[in-house]
Amino acid sequence: MKGFLRLGKIAGIQLEVHWTFALLLIWAGFIEFQNSGNFERVAVNQGFILVLMACVVLHELGHALTARKFGIKTQRIILLPIGGVATLDKMPENRDRNFW
């Protein structure tokens, strides 16, 4: 699919990031540099965003691995500037499984 950069696989699930994520990093770096004029603060800010997105990956991986436990495959995990999406083959039909 166009607009996505493949980062690799985690537990057999394709991890992709949308190109607009780069806009988030550029925008945040520009704003921080305007406010502080310090490249070290820009780097810390960028690192914070990347760590936050790593947490989003772990969260979505939790959804994917839980779905796998119930026999539902995950096609991929997509990272967007507003969060992440785990695309499952189908939704569980059982309410209890859907809760998990």
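Is there a simple way to think about the environment of Val44 in this case?
As for its position among the elements, Val44 is in helix H2 (residues 39–69). Its relative accessible area of 55% is what places Val44 among the exposed residues.

Can you walk me through unusual backbone geometry in this structure?
Most of the time, phi is negative for any residue but glycine, and the peptide bond is trans. Phi is positive for Ala11, which is not a glycine, with a value near 55°. In this fold, Ala11 is placed in the loop between strand S1 (4–10) and strand S2 (13–18). Of the residues examined, Ala11 reaches a relative accessible area of 43% and is grouped as partly exposed.

Honestly, the confidence of the model for the protein in this entry has me stumped. Any pointers?
Regions with low pLDDT should not have their predicted coordinates read in detail. Confidence along the protein averages 87 in pLDDT terms, with 92% of residues attaining 70 or more. In the model of the protein, helix H3 (residues 95–99) stands out as the element of lowest mean pLDDT, 64, in contrast to S2, which has the highest, 92.

How should I be thinking about H2 in this particular structure?
Residues lying three or four places apart along an α-helix face the same way, a consequence of the helix completing one turn every 3.6 residues. The end-to-end C-alpha separation of H2 is 45 Å, in line with the 45 Å expected for 31 residues at 1.5 Å each. Listed in full, the buried residues belonging to H2 are Val42, Asn45, Gln46, Ile49, Met53, Val56, Val57, Glu60, Leu61, Ala64 and Ala67. Buried residues belonging to H2 abut S1, S2, helix H1 (20–36), strand S3 (74–80) and strand S4 (83–88).

Would you take a moment to explain the sheet that holds S1 for this structure?
The strands that make up a sheet pair up through hydrogen bonds in the backbone, lying either parallel or antiparallel. As summarised here, the arrangement of the four strands in space is S1-S2-S3-S4, forming an open sheet in which the pairing is mixed. Here the strands that pair on one side only, and so sit at the sheet edges, are S1 and S4. Strand after strand, the sheet turns through a mean of 20° between neighbouring axes, direction not considered. In the sheet, S2 pairs with S3 via four bridges, with the strands oriented parallel. Counted as the bridge partner of Leu15 is Ile77 from S3. Those strands touched by H2 are S1, S2, S3 and S4, and its axis lies near 20° from that of S4.

Conventions used here
- Going along each chain's sequence as written, the residues are numbered from 1 onward.
- Only residues with pLDDT of at least 70 get local features here, since the model is predicted, and only at 80 or more are side-chain atom pairs given and counted; chain-wide, interface and lining totals rely on the full set of residues.
- Each side-chain value is worked out from all heavy atoms of the structure, with water and hydrogens disregarded.
- Secondary structure is summarised from DSSP: a helix means a run of H or I of at least four residues, a strand means a run of E of at least two, and numbering begins at the N terminus for each.
- Burial here depends on accessible area, computed with a 1.4 Å probe over protein chains only, as a share of the maximum for the residue type. Under 20% is buried, over 50% is exposed, and the range in between is partly exposed.
- pLDDT is a residue-level measure of predictor confidence that goes from 0 to 100.
- Under the convention used throughout, the expected extent of a helix is 1.5 Å for every residue step, that is, one less than its residue count.
- When checking whether two residues touch, look at their non-hydrogen atoms; a contact exists if any pair is within 4.5 Å.
- Pairing between two strands is assigned when DSSP locates at least 2 bridges connecting them.
- What counts as an axis is a line fitted to C-alpha atoms, over the stretch in contact for a helix, and the angles between N-to-C directions run from 0 to 180 degrees.

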